[in-house]
Amino acid sequence: MDARGSMLPKLLLPITASLLVVMALVTAYMLRLKDRNTELAGLTTARAISGMVTTLRAFYTDEVVTRAKDAGMGIDYDFADDHTVLPLPATLVGVLGERVGEVQPGATVRLYSRFPFPHRQDGETYDAFEMDALEALERDPTEPFHRLEERDGRTVMRYATADRMRAACVGCHNTHPESPKTDWAVGDLRGVVEVVTPVDEAEKALAAGTMYLIGLVLSGLLAAALVSWLVTSGVRRSIRGVVDTLTNAVAQIASTAAAQEGSAESQAAAVAETTVTIEELHASFANVRRQAELASARSRESMQLATAGSAAVQATIDGMHEVRSEVGSMATQIIELGERTGEI
């Protein structure tokens, strides 16, 4: 009973271990999927904003700035108080960044470079991400650089793309009196356009959905474990009945085997006894055979003697017949002699 009773823990142990492993894997996968979806949501938003800023800036540089200069308007970073002056393309990006932050709190658009204009140098500082973005885009300006970070208690996506010199930009930068670099060429990396967009709200929504899914999965696994336990309990009872039946059958087989073993031993003893008897009979038969052979020899000798005696008797009879014939002949002669004598 103890051995059969320990069967249930043996069955439940691997099932429980498997469920725990599955639960851990599912939880880890869902959390990783949540992080990936959070990053994807931020990346999608940042990429969209960056694409709009880049497109607008290119259009502004190629179409607006060129026409404004042809019309005699000025292009400068200090444009706020002069209606005849338009902002520089880089200044336009800063203004757009401020407007984006007003519409979407926490979001920013920023342009920075290793060669800032003098009026920006005093307040220009770069954090670790900005330095990494500059180095990455200097190596490959075609590949955006991005990373999820915590900023002011919020999770944000920081997305950086290369700001490369266009034909309309080269002449202005190379001739501007305050330009820190005057040998720009088309395609050179002028700086980095960085878009920062919060993803904490999306992260919370994804986290809630992920926890809900994890709860569903865990509930399903626990339900499966309960069903397995119930089924295992039923199986255990069924197995007990089968084990009892098998135990009885084995006992009967053992008893029958013991009886057959005893019978086999008896039969072996009987066979041994029969073998001895057969050997004794064989010895007796051999003795009888020898006696028979001796009697046969003696019979042959007697037959030979009898044959010889019969021949002797026959010879005697033949002799007696001859004697009888002779006696009869003598008697006849005597009678004839007597008759002759009487006649005389």
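Quick notes on the rules
Residues numbered from 1 in each chain as written. Predicted model: local features only at pLDDT ≥ 70, side-chain atom pairs only at ≥ 80, totals over all residues. Heavy atoms only, no water. Helix = DSSP H or I, 4+ residues; strand = E, 2+ residues; numbered from the N terminus. Buried < 20%, exposed > 50% of the residue type's maximum accessible area, 1.4 Å probe, protein only. Areas by Shrake-Rupley, 256 points an atom, 1.4 Å probe, with all protein chains shown as cover. Phe/Tyr/Trp six-rings, centres within 6.5 Å; stacked < 30°, edge-to-face > 60°. pLDDT = per-residue confidence, 0-100. Contact = heavy atoms within 4.5 Å. Core = buried A, V, L, I, M, F, W, Y, C linked by side-chain atoms within 4.5 Å. Pairing = 2+ DSSP bridges. Polar contact = N/O pair within 3.5 Å; in protein donor to acceptor, adjacent residues only side chain to side chain. Expected span 1.5 Å × (residues − 1). Axes fitted to C-alpha atoms, helices over the stretch in contact; angles between N-to-C directions. Salt bridge = Lys/Arg side-chain N within 4 Å of Asp/Glu carboxyl O. Disulfide = S-S within 2.5 Å.

**Some remarks on the overall build of the chain**
- Tallying secondary structure elements over the chain gives seven helices and six strands in all.
- For the chain, the α and β elements follow one another from N to C terminus as α-α-β-β-α-β-α-α-β-β-α-β-α.
- Counting across all 344 residues of the chain, residues that qualify as buried make up 22%.
- Here the chain displays about 22,500 Å² of accessible surface, and carbon together with sulfur accounts for 62% of that area.

**Section: the packing of aromatic side chains**
- The tally for this structure, following the rule as stated, stands at three aromatic pairs.
- Ring centres of tyrosine 112 and tyrosine 126 lie 5.7 Å apart, and the angle between their planes is 45°; this geometry places the pair in the tilted category. Of this pair, tyrosine 112 sits in strand 3 (residues 108-112) while tyrosine 126 sits in the loop between helix 4 (118-121) and helix 5 (128-139), and the two are 14 residues apart along the sequence.
- Judged by its relative accessible area of 0%, tyrosine 112 is buried.

**What about the confidence of the model for the chain?**
- On average, the chain scores 74 in pLDDT, and the residues at 70 or more come to 62%.
- Confidence, expressed as mean pLDDT per element, reaches its minimum in the chain at helix 1 (residues 2-5) with 52 and its maximum at helix 5 with 94.

**Digging into the environment of leucine 111**
- Relative to the elements of secondary structure, leucine 111 occurs in strand 3.
- A relative accessible area of 11% places leucine 111 in the buried class.
- In sequence terms leucine 111 and valine 193 are 82 residues apart; their C-alpha atoms lie 4.6 Å from each other.
- Sequence-distant contacts of leucine 111, that is, excluding residues within four places in its chain, are made with Arg57, Ala90, Val93, Arg120, Glu124, Asp163, Val192 and Val193.

**Let's talk about the nonpolar core**
- In terms of nonpolar packing, the biggest core is built from 12 residues, these being Leu43, Ala46, Ile49, Val53, Val93, Val109, Leu111, Met157, Tyr159, Val193, Val195 and Val199.
- When residues of this core are traced back to their parent elements, those giving at least two are helix 2 (7-70), strand 3, strand 5 (154-164) and strand 6 (189-198).
- In terms of residue count, helix 2 provides more of this core than any other element does, four residues in total.
- Phe129, Ala133, Leu134 and Phe145 belong to the second largest nonpolar core, which has nine residues in total.

**Examining the pairing of strand 6**
- Most of strand 6 sits out of view: nine of its 10 residues are buried.
- The pairing of strand 3 with strand 6 spans five bridges and is classified as antiparallel. Paired with leucine 111 across the strands is valine 193, a residue of strand 6.
- Strand direction decides the pairing type here: strand 5 and strand 6, joined by nine bridges, are antiparallel. Paired with alanine 162 across the two strands is valine 192, which belongs to strand 6.

**Observations concerning unusual backbone geometry**
- A positive phi angle, close to 55°, is found at aspartate 152, a residue other than glycine.
- Residue placement: aspartate 152 occurs in the loop between strand 4 (145-151) and strand 5.

**Concerning the side chain of aspartate 200**
- Counting through the fold element by element, aspartate 200 comes out in helix 7 (residues 200-343).
- Within the local environment of aspartate 200, its side chain forms a polar contact with the side chain of arginine 154, the two groups lying 2.8 Å apart.

**Some details on helix 5**
- With 12 residues, helix 5 extends 17 Å between its outermost C-alpha atoms, agreeing within 8% with the 16 Å of an ideal straight helix rising 1.5 Å per residue.
- Listed as buried for helix 5 are Phe129, Glu130, Ala133, Leu134, Ala136 and Leu137.
- The secondary structure elements touched by the buried residues of helix 5 are strand 3, strand 4, strand 5 and strand 6.
- If you check the start of helix 5, you find a side-chain oxygen 3.3 Å away from the backbone N of phenylalanine 129, and it comes from aspartate 127.

**Focus: helix 3 (residues 89-103)**
- With 15 residues, helix 3 extends 21 Å from end C-alpha to end C-alpha; this agrees with the ideal 21 Å at 1.5 Å per step.
- Among the residues making up helix 3, those that are buried are Pro89, Thr91, Leu92, Val93 and Gly97.

**Comments concerning the sheet that holds strand 4**
- Taking strand neighbours across the sheet as the criterion, the four strands line up as 3-6-5-4 in an open arrangement whose pairing is antiparallel. Only two strands of the sheet have a single partner each, and these edge strands are strand 3 and strand 4. With direction set aside, neighbouring strand axes in the sheet form an average angle of 25°.
- Pairing of strand 4 with strand 5, which is carried by seven bridges, proceeds in the antiparallel orientation. When the bridges of strand 5 are listed, histidine 146 appears paired with tyrosine 159.
- The sheet contacts of helix 5 involve strand 3, strand 4, strand 5 and strand 6, and relative to strand 4 the element is tilted by about 180°.

**With respect to the pattern of salt bridges**
- For the coordinates displayed, the defined rule picks out 13 salt bridges.
- For arginine 147, the salt bridge goes to aspartate 132, with nearest N and O atoms at 3.3 Å. Placement of the pair is arginine 147 in strand 4 and aspartate 132 in helix 5, with a sequence separation of 15 residues.

**What about the state of the cysteines?**
- One pass over the structure, following the stated rule, counts zero disulfides.
- Note on cysteine 169: no disulfide assigned, nearest cysteine sulfur contributed by cysteine 172 at a separation of 7.8 Å.
- Residue classification places cysteine 169 among the buried residues on the basis of a relative accessible area of 10%.

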